[in-house]
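Structural description and commentary
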Amino acid sequence: MTTPTALVTGASRGLGLALATSLNARGWQLVLDARDGDRLATAVGSLPLPGLVTALSGDVADPAHRATLAAAVPARLDLLVANASDLGPSPLPPLAELPLPAFERLLAVNTVAPLALVQLLLPALRRAGGRALLVSSDAAVEGYAGWGGYGASKAALDQLGRVLAVEEPDLRVYAVDPGDMATDMHQAAFPGEDISDRPSPDSVVPALLRLIGGDLPSGRYRTAELAPAGAPA
Ligand SMILES: NC(=O)c1ccc[n+]([C@@H]2O[C@H](COP(=O)([O-])OP(=O)(O)OC[C@H]3O[C@@H](n4cnc5c(N)ncnc54)[C@H](OP(=O)(O)O)[C@@H]3O)[C@@H](O)[C@H]2O)c1
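Residues numbered from 1 in each chain as written. Predicted model: local features only at pLDDT ≥ 70, side-chain atom pairs only at ≥ 80, totals over all residues. Heavy atoms only, no water.

Across its full length, the protein carries 7 helices and 7 strands. Along the protein, helices (α) and strands (β) appear in the sequence β-α-β-α-β-α-β-α-β-α-β-α-α-β when read from the amino end. Here the C-alpha atoms of the protein give a radius of gyration of 17 Å, agreeing with the 17 Å that 2.2 N^0.38 yields for 233 residues. Oriented by its inertia axes, the alpha-carbon framework of the protein measures out at about 55 × 40 × 40 Å. Counting only residues that meet the buried cut, the protein has 48% of its 233 residues in that class. Within the protein, contacts between residues separated by at least 24 positions form 69% of all contacts whose residues are at least 6 apart in sequence. When the accessible surface of the protein is split by element, carbon and sulfur atoms take 55% of a total near 10,400 Å². Charge separation in the protein, taken as the distance between the mean sites of 17 positive and 24 negative side-chain charges, equals 7 Å. (Helix = DSSP H or I, 4+ residues; strand = E, 2+ residues; numbered from the N terminus. Rg over C-alpha atoms; globule rule 2.2 N^0.38 Å. Buried < 20%, exposed > 50% of the residue type's maximum accessible area, 1.4 Å probe, protein only. Contact = heavy atoms within 4.5 Å. Areas by Shrake-Rupley, 256 points an atom, 1.4 Å probe, with all protein chains shown as cover. Lys, Arg positive; Asp, Glu negative; His and termini not counted. Charge placed at Lys NZ, Arg CZ, Asp CG, Glu CD.)

Next up, the structure:
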């Protein structure tokens, strides 16, 4: 059996690191990124099998970085996880005050970059009959004040996944809402608030593993609705 390979963006902390840790412990080969190279290197050092990891620091909104990521992926890619995301200004402004450059940045990181990676990696995903996991949010479907820019970028990501699933029936394409998690991004959304009651990103990983190793059809899922993983890949 060949070693499965995943590219996980935004893997230096939060959900990306939690998922990378779990996959790596299962023997997956990983290509990981984040902008802060020192923090990414520390994260990789904490993984159970760091020898299986290629870490490349950079911004997913940068086409040259995306090309570098794609070049590090072997001919067959089992899993692409578009996880790296921008939140926008903190505290979250109402749409009336959302700076348009900030909205353009949200779209560049949360929507355009995942599609660009899909485009670059489709040949490798097709060879493996692989899966794309697009990390979404309940803000994509709810009307939360302050979340309009971020939510619109995630709603567009959901729709890209919905259409990609139809266009690429031999792949599994999942948009997944992980729910609230106690992470740096969530803290930035609620500055000054105690968010320690939110679930840890680790607690969400078993549901993601059901999408990664199970037989669920392409679609949009909420981790809260997914039963814990059985025996994933
Ligand atoms: N936390 C929540 O409550 C929650 C709820 C719903 C959905 N989500 C979604 O879950 C996913 C993970 O979020 P999280 O809470 O784990 O976030 P997080 O803890 O803030 O981690 C974000 C990761 O992405 C990296 N990153 C951010 N922007 C990047 C960029 N432009 N290029 C490359 N890497 C980048 C960060 O490292 P650098 O800063 O060094 O780049 C970090 O490794 C996101 O898609 C988010 O939208 C989160």
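Moving on, we get to the nonpolar core. Counting 35 residues, the largest nonpolar core has L19, L23, L32 and L133 as its most contacted members. Broken down by secondary-structure element, the contributors of at least two residues to this core are strand 1 (5-8), helix 1 (14-25), strand 2 (29-34), helix 2 (37-45), strand 4 (79-82), strand 5 (131-135), strand 6 (172-177) and helix 7 (205-213). Beyond its immediate stretch of four places on either side in the chain, L32 contacts V8, A11, A20, L40, V44, L47, V53, T54, A55, L56 and L69. Counting residues in hydrophobic clusters, the runner-up holds 21 residues, among them V31, L56, L117 and A124. (Core = buried A, V, L, I, M, F, W, Y, C linked by side-chain atoms within 4.5 Å.)

Our focus in this paragraph is the environment of P91. Along the chain, the position of P91 falls in the loop between strand 4 and helix 4 (100-128). Sequence spacing of P91 and Y221 is 130 residues, and the spatial spacing of their C-alpha atoms is 28 Å.

Turning next to the layout of surface pockets. Approximately 880 Å³ is the volume attributed to the largest pocket. Contributing to the lining of the largest pocket are 41 residues, with N83, A84, S85, T183 and M185 lying nearest its centre. No other element matches helix 6 (residues 184-189), which puts 4 residues into the lining of the largest pocket. Considering only residue class, the lining of the largest pocket consists of 17 nonpolar, 12 polar and 12 charged. (1 Å grid on protein atoms, 1.4 Å probe; cavity = no way out; pocket = protein on both sides within 12 Å on 5 of 7 lines; lining within 4 Å. Points joined across faces, edges and corners; volume = space filled by probe spheres on them. Nonpolar A, V, L, I, M, F, W, Y, C, P; charged D, E, K, R; others polar.)

Before going further, it helps to examine helix 4. The first and last C-alpha atoms of helix 4 sit 39 Å apart over 29 residues, in line with the 42 Å expected at 1.5 Å per residue. Of all the bends found along helix 4, the most pronounced is centred on L121 and spans about 60°, while P123, a proline, follows it within four residues. Positive backbone phi, at 60°, marks G129, one or two positions downstream of helix 4. (Expected span 1.5 Å × (residues − 1). Bend = angle between axes of the 7 residues up to and from the residue.)

This paragraph deals with the site of the ligand. As a structural note, the neighbourhood of the ligand is formed by 31 residues, with S12, R35, N83, Y150 and T183 the closest of them. Between the ligand and Y150 there is a distance of 2.5 Å, counted from an oxygen atom to a side-chain nitrogen or oxygen. Isolated, the ligand exposes 890 Å² of accessible area, and the fraction of that covered by the protein chains is 96%. Applying the majority rule of atoms within 2 Å of the grid points places the ligand in the largest pocket. If you list the elements that add at least two residues to the shell around the ligand, you get helix 1, strand 2, helix 4, helix 5 (148-167) and helix 6. In terms of residue count, helix 6 provides more of the shell around the ligand than any other element does, 3 residues in total. When its residues are assigned to classes, the shell around the ligand shows 11 nonpolar, 11 polar and 9 charged. (Near = heavy atom within 4 Å. Polar contact = N/O pair within 3.5 Å; in protein donor to acceptor, adjacent residues only side chain to side chain. Sits in = over half its atoms within 2 Å of the grid points.)

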